[in-house]
Amino acid sequence: MSMNPLSGFRLCKIFGIPIYVNPTWFLVFALIVYSLASDRLPEFIPGSSNLFYWLAAIVGTLLFFLSLTAHELGHSLVSKSFGIPVRSITLHMFGGIAQLGSEVRRAREEFWIAIAGPIVSFALFLTFWGLSDIITSSMPAIGSFLSLLALLNIGVALFNLFPGFPLDGGRILRSIVWGISGNYIRATRISALGGQLFGYLLIAAGVLFAILDRYLGYLWMVLLGAFIIILARQSYRQSLTYHKLSNIKLADVYIPLVHVEEDTLVSDLFTDYIRSSGRQFFIVDFHGEPVGLLTPYEILRLPQPFWHITPVRSIMINLASVGRLPADLSLFDAMNLFERTGHNLFLVIDDDRIEGIVTRDTVVHVLGRTTSRV
Ligand SMILES: [Zn+2]
């Protein structure tokens, strides 16, 4: 088991997608097993032995979390079928989350990715319900146990269909409003408001039940409500930022390159350009043809005593090995490509001419500027 500081322990890989378990999940697992074995199962399936309740509680909780994983796999596989990579699935105290490698670009894709999870949960509901129907007459306790699993899965499907961000229903609502109106920002705003409303409803319900029932256990609903409100706000801000990035073209933000001849000494490059004009990125020409690229990284890696005897061609990056992007590409698409390829820079091309370069830092820089304006 390897550890990811943000998500937790890595359990396994399914369809090439790593599955992580957040440490909070172990606590929730234990709590659910305990409350099922000591309280819920004896109530739901009376007259069985203690051993049965504990075994059923452990198996049932495992099957429930497997169901949640299947729900997330539903989102993930549809996402992959649209060419959107899935980085990981993480199980945490409130369920699961599938992290996509990039944002969804089309309303239709978002609709199908979002609805796939509840469809899987509904299919699981039908499966467990059907099995329980077959088994109940011969083994009533197991039959009731399976019908409980069926109810949990239909619960997951219905809960997630509430039309508010970040729930699946919120994404479905956004994709519909977005698809009909073409207005991504308005669609996102409506669905984020839905999510906040849902969060406040959960908090109110949690407090009300806790008072009426004199049972503090309902306060988990308050926690969940607060969690959903925070996520709804966060994903709204994030969507706005992404939207703004899609309106910025690489042509607006690229860093221009300075042409230097291949036999230029690094020391001359430093005094003539870097120190005097602050330029940092260079195209190296051989007989007027561009052959290499120089960034501050290559220059600083060379110990200073060698600067006045080393021509730039000996430290340059071969130009053919650097990826190229068109100048009219949006910064949003470029950001996704940085994520997907792991590259740190791309050449920006206009009409087959190298205009400049765009780096990961460019995106981070513009993102910082854009976020502060939201
Ligand atoms: Zn879902």
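All figures in this text were calculated on a predicted structure; none of them were measured in a lab. (Residues numbered from 1 in each chain as written. Predicted model: local features only at pLDDT ≥ 70, side-chain atom pairs only at ≥ 80, totals over all residues. Heavy atoms only, no water.)

**Some words on the overall build of the protein chain**
Within the protein chain one finds 12 helices and 13 strands. A compact globule built from 374 residues would reach a C-alpha radius of gyration of about 21 Å, whereas the protein chain, at 28 Å, exceeds it by more than 25%. Overall, the protein chain is about 90 × 45 × 35 Å in size when its C-alpha atoms are taken along their principal axes. Classification of the 374 residues of the protein chain by burial places 44% in the buried group. Counted over contacts in the protein chain with a minimum sequence separation of 6, partners at least 24 positions apart contribute 60%. Total accessible area computed for the protein chain in this model is approximately 19700 Å², and 64% of it derives from carbon and sulfur atoms. If the 27 positive side-chain charges of the protein chain are averaged to one point and the 26 negative ones to another, these points end up 8 Å apart. (Helix = DSSP H or I, 4+ residues; strand = E, 2+ residues; numbered from the N terminus. Rg over C-alpha atoms; globule rule 2.2 N^0.38 Å. Buried < 20%, exposed > 50% of the residue type's maximum accessible area, 1.4 Å probe, protein only. Contact = heavy atoms within 4.5 Å. Areas by Shrake-Rupley, 256 points an atom, 1.4 Å probe, with all protein chains shown as cover. Lys, Arg positive; Asp, Glu negative; His and termini not counted. Charge placed at Lys NZ, Arg CZ, Asp CG, Glu CD.)

**Description of the nonpolar core**
Counting 28 residues, the largest nonpolar core has Leu41 and Phe65 as the members making the most contacts within it. Secondary structure elements with two or more residues in this core: helix H1 (23–44), helix H2 (50–81), helix H3 (107–135) and helix H4 (140–160). Looking at which element gives the most residues to this core, the answer is H4, with 8 residues. Leave out the neighbours within four places in its chain, and phenylalanine 65 touches Trp25, Val28, Phe29 and Ile32. Counting 18 residues, the second largest nonpolar core, distinct from the first, contains Leu245, Ile248, Val253 and Val348. (Core = buried A, V, L, I, M, F, W, Y, C linked by side-chain atoms within 4.5 Å.)

**Observations concerning the coordination of the zinc ion**
Here the zinc ion is held by the protein donor atoms His71 (NE2), His75 (NE2), Asp168 (OD) and Asp168 (OD), which lie 2.0 to 2.6 Å from it. The site at the zinc ion holds 4 donor atoms, and with the angles between them running 55 to 148°, its shape is irregular. One chain supplies every donor for the zinc ion, spaced along it as H-x3-H-x92-D. Taken as a pair, histidine 75 in helix H2 and aspartate 168 in helix H5 (residues 168–181) lie far apart in primary sequence, 93 residues in all. Aspartate 168 shares its class with histidine 75; the two are buried. (Donors = N, O, S within 2.8 Å, 3.2 Å for Na, K, Ca; no water. Tetrahedral: all angles 85-135°; square planar, octahedral: opposite > 155°, others 65-115°.)

**Some points on the packing of H1 against H4**
Running from amino to carboxyl end, H1 crosses H4 at an angle of 105°, the nearest separation of the two axes being 10 Å. By the angle between their axes, H1 is roughly perpendicular relative to H4. Facing H1, whose interface residues are Leu36, Leu41 and Phe44, H4 presents Ser144, Ser147, Leu148 and Leu151. Looking at the contact of H1 with H4 residue by residue, the classes come out as 5 nonpolar, 2 polar and no charged. (Axes fitted to C-alpha atoms, helices over the stretch in contact; angles between N-to-C directions. Parallel < 35°, antiparallel > 145°, perpendicular 65-115°, else oblique. Nonpolar A, V, L, I, M, F, W, Y, C, P; charged D, E, K, R; others polar.)

**Focus on the sheet that holds strand E13 (residues 353–359)**
Read from one edge of the open sheet, 4 strands run E6-E13-E12-E11, paired in mixed fashion. Two strands lie at the open edges of the sheet, namely strand E6 (255–256) and strand E11 (324–326), each paired on one side alone. Examined bridge by bridge, E11 and strand E12 (residues 345–350) share 3 bridges and lie parallel to one another. Counted as the bridge partner of leucine 325 is valine 348 from E12. Packing against the sheet, helix H11 (residues 331–341) makes contact with E11, E12 and E13, and its axis sits at approximately 140° to E12. (Pairing = 2+ DSSP bridges.)

**Focus: the side chain of glutamate 262**
As for its placement among the helices and strands, glutamate 262 is situated in the loop between strand E7 (258–261) and helix H9 (266–277). Given a relative accessible area of 15%, glutamate 262 falls into the buried group. Within the local environment of glutamate 262, its side chain forms a polar contact with the side chain of arginine 313, the two groups lying 2.9 Å apart. What glutamate 262 contacts, discounting residues up to four positions off in sequence, is Val284, Asp285, Phe286, Pro311, Val312 and Arg313. (Polar contact = N/O pair within 3.5 Å; in protein donor to acceptor, adjacent residues only side chain to side chain.)

**A few points about H11**
Along an α-helix, residues three or four apart share an orientation, since each turn contains 3.6 residues. For H11, the complete set of buried residues consists of Leu331, Phe332, Ala334, Met335, Asn336 and Phe338. Of the residues trailing H11, glycine 342 is marked for its positive phi of about 75°.

**Points about the UniProt feature "binding site: Zn(2+)" (unreviewed entry) in the protein chain**
Following the UniProt record, one finds the feature "binding site: Zn(2+)" (unreviewed entry) at His71, His75 and Asp168. What stands out for the annotated residues spanning 98 residues is how close their C-alpha atoms remain, the widest pair being 10.8 Å apart. Mapping histidine 71 onto the fold places it in helix H2. Residues contacting histidine 71, with those up to four places away along its chain left out, are Gly117, Pro118, Val120, Ser121, Val156, Asn160 and Asp168. On the accessibility criterion, aspartate 168 (7% relative accessible area) is buried. When near neighbours in sequence (up to four residues on either side) are disregarded, aspartate 168 contacts His71, His75, Ala114, Pro118 and Asn160. Looking at aspartate 168, its side chain comes within polar contact range of the side chain of histidine 71, at 3.0 Å. (UniProt positions renumbered as here; feature names shortened; annotations may be inferred.)

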